[in-house]
Amino acid sequence: MSRWLFLIKFSWRNLGRQPLRTLIMALGLCFGTGYIIFALNFSASGSKEIVNDFLAQYTGDHQLVAPGYYPDNDKKKFDPQKTLLESNFQNFDRTRYTQRITLPVFLSTPKKTQGTLLTGLVPSQELRLSNVTKALSQGRFLSDEGRNELLLGEKLARKIGVTIGGEVAGISQGLDGSTAVDLFTVVGLMNFGGGDMEEYVAFTTLASTQEFGVFPQGGFHQWVSFGTYQSKIPTAPEGTELVPWDVILPEINGSIRFIDIFTWIVAVIIVVVISLGMGNTLMITFLERQKEFYSLNVIGARSSWIAVSLAFEVLFLGIIGIGTGVLLGFLVTTLFHYYPISLKVFTGGKAIMMGGMAIIPKIRLSHYTHYYWQAPLLVFSFLSLSLILPIHRIIQRSRRAD
Amino acid sequence: MLIEMQNLTKTYGEGDQLVHATRGVNLEIVEGDFIAVVGPSGSGKTTLLNLLAGLIGPTSGTIKHRSKEIQTLSLEERTAHRLANMGFVFQDYQLLPVLTARENVELPLQMRGEPQNEIDQKTKWALEQVGLGSMMNRYPKQLSGGQQQRVAIARAVAGKPSLILADEPTANLDSKTAQDIIDLFKRLNHEYKLTFVFSTHDPRLIDQVKRVIRIKDGQTQEGKEL
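Everything in this summary refers to the structure shown in the same document. Please read these numbers as outputs of a predicted model, since none were measured by experiment.

**Remarks on the overall build of chain B**
When its secondary structure is counted, chain B shows six helices and 10 strands. Counting the 226 residues in chain B, one finds 58% classified as buried. Positive and negative side-chain charges in chain B, numbering 27 and 27 respectively, have mean positions lying 3 Å apart.

**Brief notes about the overall build of chain A**
Regarding its fold elements, chain A presents 12 helices and 16 strands. Relative to the 2.2 N^0.38 estimate, which gives 21 Å for 402 residues, the radius of gyration of chain A is 31 Å and therefore markedly larger than a compact globule would have. In chain A, the proportion of contacts linking residues at least 24 apart, taken out of those at least 6 apart, comes to 79%. With the model as given, the accessible surface of chain A reaches about 18,500 Å², and the carbon-plus-sulfur share is 61%. The averaged location of the 29 negative side-chain charges in chain A is 18 Å from the averaged location of its 35 positive side-chain charges.

**Some words on the interface of chain B and chain A**
Listed by partner, the interface residues are 29 residues for chain B and 23 residues for chain A. For the pair chain B and chain A, the two sides together bury roughly 2,500 Å², of which 61% comes from carbon and sulfur. By the criterion of area lost to chain A, the three top residues of chain B are Glu76, Val98 and Met111 of chain B, representing 24% of everything that side buries. Counting the contacts that link chain B with chain A gives three salt bridges. One salt bridge connects Lys9 of chain A with Glu103 of chain B, and the closest N-O pair in it is separated by 3.1 Å.

**What about the pattern of salt bridges?**
Residues and elements named next belong to chain A. Under the definition given, this model contains 25 salt bridges over all chains. Between Glu199 and Lys155 there is a salt bridge whose closest N-O contact spans 3.5 Å. Taken as a pair, Glu199 in helix α5 (residues 196–200) and Lys155 in helix α4 (residues 154–160) lie far apart in primary sequence, 44 residues in all. Residue classification places Glu199 among the buried residues on the basis of a relative accessible area of 12%. Judged by relative accessible area, Lys155 falls into the partly exposed class, the value being 31%. Residues participating in the shared-partner salt-bridge network are Arg17, Arg289, Glu292 and Glu313.

**Here's the deal with the sheet that holds strand β5 (residues 68–69) of chain B**
Residues and elements named next belong to chain B. Spatially, four strands are ordered β2-β1-β4-β5 in an open sheet, and the strand pairing comes out antiparallel. The open sheet has two edge strands with one neighbour each: β2 (19–29) and β5. Contacts from helix α1 (residues 45–53) reach β1 (3–12), β2 and β4 (60–65) within the one sheet, and its direction differs from that of β1 by about 125°.

**A few points about empty space enclosed by the protein**
Counted by the stated rule, this structure contains two cavities of 30 Å³ or more. Reported here for the largest cavity is a volume of approximately 110 Å³. For the largest cavity, the lining is made up of 13 residues, of which Ile299 of chain A together with Met86, Gly87, Pro108 and Arg155 of chain B are closest to its centre. Secondary structure elements with two or more residues in the lining of the largest cavity: α2 (75–85), β6 (86–89), α3 (101–112) and α5 (145–157) of chain B. Reported here for the second largest cavity is a volume of approximately 50 Å³. Forming the boundary of the second largest cavity are Asn297 and Arg399 of chain A together with Gly54, Leu55, Leu75, Arg78, Thr79 and Arg82 of chain B. When residues of the lining of the second largest cavity are assigned to their parent elements, the largest contribution, four residues, is made by α2 of chain B.

**Digging into the environment of Val25 of chain B**
Residue and element names in this part refer to chain B. With respect to the helices and strands, Val25 occurs in strand β2. Along the chain, Val25 and Gln6 lie 19 residues apart, while their C-alpha atoms are 6.4 Å from each other. With sequence-adjacent residues up to four places away left out, Val25 is seen in contact with Met5, Gln6, Asn7, Leu8, Leu48, Gly218 and Thr220.

**Digging into the sheet that holds strand β7 (residues 163–167) of chain B**
Where strands meet in a sheet, backbone hydrogen bonds hold them as pairs that are either parallel or antiparallel. Residue and element names in this part refer to chain B. Reading across from one edge, β6-β7-β8-β3-β9-β10 is the order of the six strands in this open sheet, with mixed pairing throughout. The sheet terminates laterally at β6 and β10 (219–222), the two strands that pair on one side only. On average, each strand axis in the sheet is inclined to that of its neighbour by 20°, with strand direction left out of account. When strand β9 (residues 211–216) meets β10, the two strands line up antiparallel, connected through four bridges.

**Focus: the environment of Gln71 of chain B**
Residue and element names in this part refer to chain B. With respect to the helices and strands, the residue Gln71 is situated in the loop between β5 and α2. Considered as a pair, Gln71 and Gln179 are 108 residues apart in the sequence and their alpha carbons are 35 Å apart. Setting aside residues no more than four positions away along its own chain, Gln71 makes contact with Pro58, Gly61, Thr62 and Ile63. Within the structure, Gln71 has its side chain in polar contact with the backbone nitrogen of Ile63 (distance 3.1 Å). Side chain to side chain, Gln71 and Glu69 meet in a polar contact 2.7 Å long.

**As for the pairing of β2 of chain B**
Residues and elements named next belong to chain B. Pairing of β1 with β2, which is carried by seven bridges, proceeds in the antiparallel orientation. Each residue of the ladder has a partner; that of Tyr12, found in β2, is Val19. Count of turn residues in the β1/β2 antiparallel hairpin: six residues, of which Gly13 carries a positive phi of about 75°.

About the criteria used
Residues numbered from 1 in each chain as written. Chains lettered and ligands numbered in written order. Predicted model: local features only at pLDDT ≥ 70, side-chain atom pairs only at ≥ 80, totals over all residues. Heavy atoms only, no water. Helix = DSSP H or I, 4+ residues; strand = E, 2+ residues; numbered from the N terminus. Buried < 20%, exposed > 50% of the residue type's maximum accessible area, 1.4 Å probe, protein only. Lys, Arg positive; Asp, Glu negative; His and termini not counted. Charge placed at Lys NZ, Arg CZ, Asp CG, Glu CD. Rg over C-alpha atoms; globule rule 2.2 N^0.38 Å. Contact = heavy atoms within 4.5 Å. Areas by Shrake-Rupley, 256 points an atom, 1.4 Å probe, with all protein chains shown as cover. Buried area = accessible area lost by both parts, 1.4 Å probe. Salt bridge = Lys/Arg side-chain N within 4 Å of Asp/Glu carboxyl O. Pairing = 2+ DSSP bridges. Axes fitted to C-alpha atoms, helices over the stretch in contact; angles between N-to-C directions. 1 Å grid on protein atoms, 1.4 Å probe; cavity = no way out; pocket = protein on both sides within 12 Å on 5 of 7 lines; lining within 4 Å. Points joined across faces, edges and corners; volume = space filled by probe spheres on them. Polar contact = N/O pair within 3.5 Å; in protein donor to acceptor, adjacent residues only side chain to side chain.

Function-wise, these values are silent; they only describe arrangement.
In structure tokens:
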């Protein structure tokens with residue numbers, strides 16, 4: 001035991017022999033580790049905020065649909081005939097859900113006819129759950145009692161030449177096979193930042209859509225949930241299919257995974273660069289003490305004794321540097337939790353387009369516990385690797401009687 | 001017999017560059033010997049000490065330490081052998097600057113894995129022998145050259161090794177301090193029967209040793225007369 005204590009004392013004191021160099025190495029580890037933790041937290045928090053922002057506007061966290069509503073597992077296609085019935089959801093928890101209908105229609109004015117997706121929703125429930133009203137730029141939102149009220153994207157409204165109060169004819173096929181034709185009155189315009197949502201989506205009430213599309217017995221297409229992002233997804237009720245957002249929007253999920261992987265790649269590159277620098281500095285430091293290692297060998301220090309003493313030095317350096325780095329990462333993340341980073345800083349004031357919607361989130365950083373052990377482990381692993389060559393070299397040289 | 005060298009040759013290089021550091025050296029050292037190895041620079045004194053310590057292996061011949069052949073041991077085995085049986089004093093002391101005098105003396109004992117109470121006893125004894133019992137908590141930079149060499153001697157003798165090798169131990173010291181060091185060697189040799197072999201180029205020390213090994217061009221000759 002005393003032998004180990006002696007070795008630990010010896011290694012610890014050796015750190016103080018070149019205080020400036022030790023400080024620089026510890027700072028390298030500190031800033032490297034701190035940056036990696038911050039970057040990973042930033043990436044994960046940013047993804048979460050962007051997705052939250054996006055999902056809360058329209059898509060929702062998950063949807064309950066009738067089996068076969070999304071045929072062939074292609075979430076870009078849907079079968080309007082596959083409906084759910086209100087009567088089957090008497091005891092259903094509606095605190096996080098709202099009903100929707102999505103119907104392909106032609107919207108026509110004397111100027112132009114445009115194919116679009118008409119979304120029927122329950123205005124009061126939508127106001128309570130989703131952020132779709134954030135996109136309202138002119139006029140008012142739909143009312144529960146209103147009949148054939150219509151919200152249009154600004155771009156779509158310009159395209160078909162209609163303003164608030166104007167009338168638009170809707171043409172579609174009813175679920176019974178009949179031709180559905182009705183007049184809608186524009187009550188508001190939406191600004192989604194100029195994407196597809198603004199050009200190809202229109203909103204009206206669920207009741208108006210049911211009547212227009214001849215939905216039998218109060219049928220509808222989806223229960224859309226909000227506010228359960230990444231939390232436990234409930235089991236789909238009998239006779240329904242549960243579809244999470246990442247299945248509906250695989251490209252967005254893919255982007256997030258790419259950002260996550262990219263962040264890790266950058267983290268590994270940073271660690272490799274730090275390790276190379278660290279390995280080089282350690283090599284120089286050890287070679288400067290070459291004569292001392294030789295003397296140690298002469299008085300009887302085995303290679304393992306010398307190797308362990310050097311490993312302890314680097315261990316202490318790692319504990320100090322990486323430990324303070326974890327603290328730095330924690331503090332910086334906490335700082336940007338209370339002072340969120342606006343993505344405008346990175347986009348030059350422009351919005352990020354996702355799924356046809358413009359997203360301008362403020363990223364409020366969160367602490368992701370697993371990064372607080374993954375990042376230090378990564379740095380320490382590479383630091384350990386960087387130690388192999390210098391130790392090997394010094395062991396070889398310590399045996400040389402020159 | 002403590003050490004027995006038979007026909008020991010060490011060469012460096014090859015072909016035209018071949019250098020004989022030692023040539024067919026035969027040498028016997030008994031317990032309690034007090035030997036000075038003398039000779040001009042480059043004559044092979046350090047090589048002879050390195051061979052004795054097992055730091056280098058001979059090109060041919062054998063070297064035995066208490067009948068155990070050293071040259072057949074691996075590098076790690078030779079290191080372990082030195083730790084268990086030898087003490088070493090360097091010309092430039094080679095104390096570890098981050099350790100106090102006491103800790104420097106402790107070092108080989110700690111490497112041996114001896115119990116702490118024995119280490120404490122041996123360290124105290126060694127430092128008292130060299131007259132530094134009151135300075136044991138000083139760092140090397142707080143000691144003079146002579147004091148540092150005394151610490152190095154304490155480190156070499158603390159484990160009571162069967163052989164203490166010293167490579168030009170007085171070369172960096174003034175004549176009075178050098179004489180003090182030799183007196184210390186003599187006393188430890190006399191009182192504790194410790195075996196010393198040291199190299200020197202100082203002719204004044206020749207009369208103070210029991211045996212003189214002269215080395216020239218790698219060949220040895222015993223005797224105090226030139």
